[in-house]
Amino acid sequence: MKKTFRVLIVFILAIAVFTAGCIGGTTSNSGKTTTSSLSKTNTTTTTKTTIQTTYPLTIKDDMNRIVTITKEPQRIVSLAPSITETLFYIGAGDKLVGVTQWADWPPAVKNITRVGGYGKYANIEIIANLSPDLIIADAYSLDILSELEKIAPVVVVNPKDVNGIYHQIELLGKITNRQGQAERVIDEMKANISRVTEKVKNLPRPRVFFLLSAYNGEYWTAGKNTFMDDIIRLAGGKNIFDDISGWGKPSKEEILARDPEVIVLLPTSGINATQLCDTFFAQTAAVKEGRVYTAKDANVYQRPSPRIVNAIMEMAEFLHPEAFGATYSPLTCQAKAET
């Protein structure tokens, strides 16, 4: 139950990889796999322009806090995996001296000291012993903010959509004196997203239900003001619950009334595509037509980092496989659905 509770909190509070080209490998669908047509690249970026940050630097973070950074940070503690990923993308990963236990990308993070759990579950003593000159956190760390501020300056980021992710990258680039690299990452993200939106702009927009978690008969999904809603929109779909704000758990009746044509679920959702056949979801157009897809990597959907582009591209393949040369085996239900 503790694990389940933690997963739900992560969804509700919107935690956090795009590659310069896109995703690759295989994509899961109802236990089947298909080879993606999208290419795979690494996280190396080069300086777009020579832009130097002048210190001391005073910025306003996403909580409207005024923070002054006296010199270029050399010892950074990151309290969210999405922040860690972003720092590596802009070429500032070598400045990290502490990350959370959930940081798992890129592989280089395995050599960085763990400071405990995500956000407010971080270990203050370990952080203090690392003598950081900057701590970067998200809104999930606000409960321990006063304690963190006694150790080092704290910058809080809180992206809620793709534009917010761009802002986060730009801000972290400025803070770490990596502005050129940050601009390059943003430009690459925008170029990849633009290629997707151009392909789908004249195609029908299927009704999509995004299943984040399914526990104890509750089905959590993402509404407006979330980056997951942006993923669906940019990929050429219509989020059937874009009229709710943030995260919600619509009822069985509400889901059936909106009758999704496509269901996309995370591999960490607590239910798999085949199991939907034994629930009321079997009455939806999505299950009847076999259009239920399982994301390859939950983290690229959950973490507001540059890897969000991977999620957009994968979602576009789910919604418009013919436009991207993707092939998926349809879900076939054998069990009788509950009434």
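Residues numbered from 1 in each chain as written. Predicted model: local features only at pLDDT ≥ 70, side-chain atom pairs only at ≥ 80, totals over all residues. Heavy atoms only, no water.

### A short note on the confidence of the model for the protein
Here is the rule we go by: Across the chain, each position has a pLDDT score giving the predictor's confidence in that residue, from 0 to 100. Contacts are residue-level and defined by heavy atoms, with any inter-residue pair within 4.5 Å sufficient.
Here the protein shows a mean pLDDT of 87. Residues at 70 or above account for 84%. Here residues 1–48 is a poorly scored stretch, pLDDT under 50, and it has 137 contacts once near neighbours within four places are set aside; other chains count.

### With respect to the nonpolar core
As a reminder of what qualifies: Each nonpolar core is a collection of buried residues, namely Ala, Val, Leu, Ile, Met, Phe, Trp, Tyr and Cys, held together in the definition by side-chain atoms within 4.5 Å. The classification of residues rests on relative accessible area computed with a 1.4 Å probe and restricted to protein chains. Under 20% of the type maximum is buried, over 50% is exposed, and intermediate values are partly exposed. The numbering of helices and of strands both runs from the N terminus, where a helix is a DSSP run of H or I of at least 4 residues and a strand a run of E of at least 2. An automatic or database domain assignment supplies the start and end points of every domain.
One finds L87, I175, F210, Y301 and M315 to be the most contacted residues of the largest nonpolar core, which totals 71 residues. Take this core: its biggest share by element is 9 residues, from helix α11 (residues 308–319). Both domains that meet at this core, namely domain 1 (57–185) and domain 2 (204–324), each give it at least three residues. If sequence neighbours within four positions are ignored, M315 has contacts with F210, I231, I232, A235, V264 and Y301.

### What about the packing of helix α2 (residues 81–89) against helix α5 (residues 162–175)?
The condition that has to hold: To obtain an axis, a line is fitted to C-alpha atoms, over the contacting stretch when the element is a helix, and the angle between two such axes runs from 0 to 180 degrees between their N-to-C directions. Should an angle fall under 35 degrees it is called roughly parallel, over 145 degrees roughly antiparallel, and 65 to 115 degrees roughly perpendicular, with every other angle called oblique. Take the far helix as your reference; a near helix turned counterclockwise from it by less than a right angle gives a left-handed crossing, and one turned clockwise gives a right-handed crossing. Throughout, the ten residues Ala, Val, Leu, Ile, Met, Phe, Trp, Tyr, Cys and Pro are labelled nonpolar, Asp, Glu, Lys and Arg are labelled charged, and all others, Gly among them, are labelled polar.
The N-to-C vectors of α2 and α5 enclose an angle of 60°; their axes lie 10 Å apart at closest approach. Taken together, the axes of α2 and α5 are oblique relative to one another. For the pair α2 and α5, the crossing hand works out as right-handed. Of the residues in α5, those touching α2 at S82, I83, T86 and L87 are Q168, I169 and L172. Class assignment for the residues of the contact of α2 with α5 results in 4 nonpolar, 3 polar and no charged.

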